Amino acid sequence: MNGAFVIKASEMQETLDGSVANFRAFFKWLYSCVLVLMGEPIPPNFEKTTQRSVMNISTFIQNFDCYGYEENPTVKNKFMMERIGQYLIDRDLTIKHESEGNDWAKLLEENECLRNHPTTMPHYPEKSIVQLLAMLKDSVFKVFKAPMRAINDAMATVYLYNCFNFGSPDIPMSSISISKEVMYFAFIQSSKRVQLLQVHFNETNAFEGRLGSFRFNQQSLAESLKILDLQFYSKDILSLLLNECDEPRRSCIFQLSIPLAIEHFRPFELDTEFQQYYSESVNAWDFVPRHCKMSDLPASRFAVSGTRRLCVLLSEDQRNIQLFELECDDEDVQEDADMSAVHSDDLDLL
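All residue numbers refer to positions counted from 1 along the written sequence of the respective chain. pLDDT decides what is reported in this predicted model: residues at 70 or higher carry local features, side-chain atom pairs at 80 or more are listed and counted, and totals for whole chains, interfaces and linings draw on all residues regardless. Hydrogen atoms and water are omitted, and side-chain values are computed over all heavy atoms in the structure.

**A word on the pairing of strand 2 (residues 182-190)**
Part 1: With 8 bridges joining them, strand 2 and strand 3 (residues 193-200) adopt antiparallel strand pairing. Note on strand 3: the bridge partner recorded for A186 is L196.
Part 2: Any two strands between which DSSP finds at least two bridges are classified as paired. By definition, any uninterrupted DSSP run of H or I lasting at least four residues is a helix, any uninterrupted run of E lasting at least two residues is a strand, and each is numbered from the N terminus. Counted along the chain from strand 2 to the antiparallel partner strand 3, the turn is 2 residues long.

Structure follows, in structure tokens:
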């Protein structure tokens, strides 16, 4: 089926090239007519229009506004979208691709044994590329169906543990960070408080939970900053998008250090309802060192990448974005300094 899809893609490419050639001939003829009417000389690099090209151009103009696939299916030189567009819908072609002059197609037509041989790539001249794509997906699914069934038969669920009892209403899970022996879950429980849940799943303390609640309150502001969005920047940093209640057009990207936040975690039973659990929040704005970056863009959401050290803010109207390059941490600075020292020593030796 992969070969049939490749053949259909090549067929569509040939049809597209033919339509582009017709367009080029039409506009070249139209430009020549404009020059003649204006009394301007025709450039010498313009080829002379033959009788065959004139007939093709006239047929092209007559069928220029024929968009319907059922109208005049026998006409071959139609508007470009009439011939190309039929390949991009889930239905049979109304204008099939001409295979005249193709020796391989002629050989297959004359030899039924060769045409039906399993090693010969099938060709579906009446199918569109959308139909062949669906057939290709189905064939790929059938290839992996047997291994999928074998894997399902070889594996079974040993134990299912519901480690989160959110109660009602449910608390949306915002972000997850998974390392070798521990998972971190970040929740925006309210607009001004975020909760971090630590779950161990090693053999010694499996499914042991610890929970911490944090707010972000500047000393100069009476109210805490509003939490718009959050995402794990890395396994040790949680990025939060904050907003001042009095200045909604100002946003703040706050980098919360997980090692500093762990010091304020408390034991938490995983089968306890979050709505019934109360934990006094800690002001994470007082953590030292504090890494934050201000923005004048009224943001609504953001995305971060720790490997690229980038942050992208999305505006409230979802029409503008703002790109930030986040500062590197102290370890990276020390590593860069060590590399610079090594290069300096090498230069001294030279």
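**Describing the sheet that holds strand 5 (residues 226-234)**
Part 1: The sheet built from 4 strands is open, its strands ordered 5-6-7-10 with antiparallel pairing. Only two strands of the sheet have a single partner each, and these edge strands are strand 5 and strand 10 (291-295). Here the strands of the sheet are splayed against their neighbours by 20° on average, with no regard to which way each runs.
Part 2: Of the pairings in the sheet, the one linking strand 5 to strand 6 (residues 237-243) comprises 7 bridges and is antiparallel in character. Bridging from a neighbouring strand, L230 pairs with L240 of strand 6. Every axis in this analysis is a line fitted to C-alpha atoms, fitted for helices over the stretch in contact. Angles between the N-to-C directions lie between 0 and 180 degrees.

**A few points about the confidence of the model for the protein**
Part 1: Overall, the prediction assigns the protein a mean pLDDT of 76, with 76% of residues at 70 or greater.
Part 2: Averaged over each element, pLDDT in the protein is lowest for helix 8 (residues 330-349) (41) and highest for helix 7 (residues 258-262) (93).
Part 3: Per-residue confidence from the prediction method is given by pLDDT, with values spanning 0 to 100. Contacts: residue pairs with any heavy atoms within 4.5 Å of one another. Ignoring residues within four places in sequence, the model shows residues 75-80, a span with pLDDT below 50, making 27 contacts including any to other chains.

**Section: the sheet that holds strand 13 (residues 321-325)**
Part 1: Across the sheet, 3 strands lie side by side as 11-12-13; this open sheet has antiparallel pairing. One side of each edge strand has no neighbouring strand; the edge strands of this open sheet are strand 11 (299-305) and strand 13. Averaged over all adjacent pairs, the angle separating strand axes in this sheet is 20°, with direction ignored.
Part 2: Note: strand 12 (residues 310-315) against strand 13, 5 bridges, orientation antiparallel. Looking at the pairing, C311 lines up with F324 of strand 13.

**Here we look at unusual backbone geometry**
Note: most residues except glycine have negative phi, and most peptide bonds are trans.
Part 1: Note that the residue after V288, namely P289, is joined by a cis bond; omega there is 0°.
Part 2: Relative to the helices and strands, P289 resides in the loop between strand 9 (282-283) and strand 10.

**Digging into the pattern of salt bridges**
Part 1: Salt bridges are defined as contacts in which a side-chain nitrogen from Lys or Arg sits within 4 Å of a carboxyl oxygen from Asp or Glu. Enumeration according to the criterion identifies 4 salt bridges in this entry.
Part 2: A salt bridge links K127 to D92, with the shortest nitrogen-to-oxygen separation between them at 3.7 Å. Note that K127 is positioned in the loop between helix 5 (112-115) and helix 6 (129-154) and D92 in the loop between helix 3 (80-84) and helix 4 (103-110), a separation of 35 residues in sequence.
Part 3: In this scheme, a residue with accessible area under 20% of its type's maximum is buried, one over 50% is exposed, and one in between is partly exposed, where area comes from a 1.4 Å probe on protein chains only. Residue K127 is classed as partly exposed on the basis of its relative accessible area of 23%.
Part 4: Judged by its relative accessible area of 41%, D92 falls in the partly exposed class.
Part 5: One salt bridge in this structure joins R250 and D296, with 3.4 Å as the shortest N-O distance. One end of the pair, R250, is in the loop between strand 6 and strand 7 (251-257); the other, D296, is in the loop between strand 10 and strand 11, and 46 residues separate them in sequence.
Part 6: Given a relative accessible area of 29%, R250 falls into the partly exposed group.

**Concerning the nonpolar core**
Note that soluble globular proteins tend to have their nonpolar side chains buried in a common cluster.
Part 1: Residues L196, F214, F216, L238, L240, L242 and L256 are the most contacted members of the largest nonpolar core, which totals 24 residues.
Part 2: Mapped onto this core, the elements with two or more residues apiece are strand 2, strand 3, strand 5, strand 6, strand 7 and helix 7.
Part 3: With 4 residues, strand 2 is the largest single contributor of residues to this core.
Part 4: Not counting chain neighbours up to four residues away, the residues in contact with L242 comprise F216, L225, K226, I227, R250, S251, C252, F254 and W285.
Part 5: As used in this record, nonpolar core signifies buried Ala, Val, Leu, Ile, Met, Phe, Trp, Tyr and Cys residues forming a set joined through side-chain atoms within 4.5 Å. The next biggest cluster of nonpolar side chains, apart from the first, holds 12 residues, and it includes I253, L297, V304 and F324.

**Some details on the packing of aromatic side chains**
Part 1: For this analysis, a ring pair means two rings from Phe, Tyr or Trp (six-membered ring only for Trp) whose centres lie within 6.5 Å, classed as stacked if their planes differ by under 30 degrees, edge-to-face if by over 60, and tilted for the remaining angles. The full count for this structure, using the stated rule, is 6 aromatic pairs.
Part 2: Taking 5.1 Å as the distance between ring centres and 70° as the angle between the ring planes, the aromatic pair formed by F26 and F27 counts as edge-to-face.
Part 3: Note on F27: relative accessible area 44%, which makes it partly exposed.
Part 4: Between the aromatic rings of F26 and W29, the centroid separation amounts to 6.2 Å while the plane-to-plane angle is 35°, which identifies the pairing as tilted. You can see F26 and its partner W29 sitting in helix 1 (residues 2-38), 3 residues apart, about one turn around the helix.
Part 5: Taking relative accessible area as the criterion, F26 reaches 13% and is therefore assigned buried.
Part 6: Three or more aromatic residues link up through ring pairs in this structure, and these residues are F26, F27 and W29.

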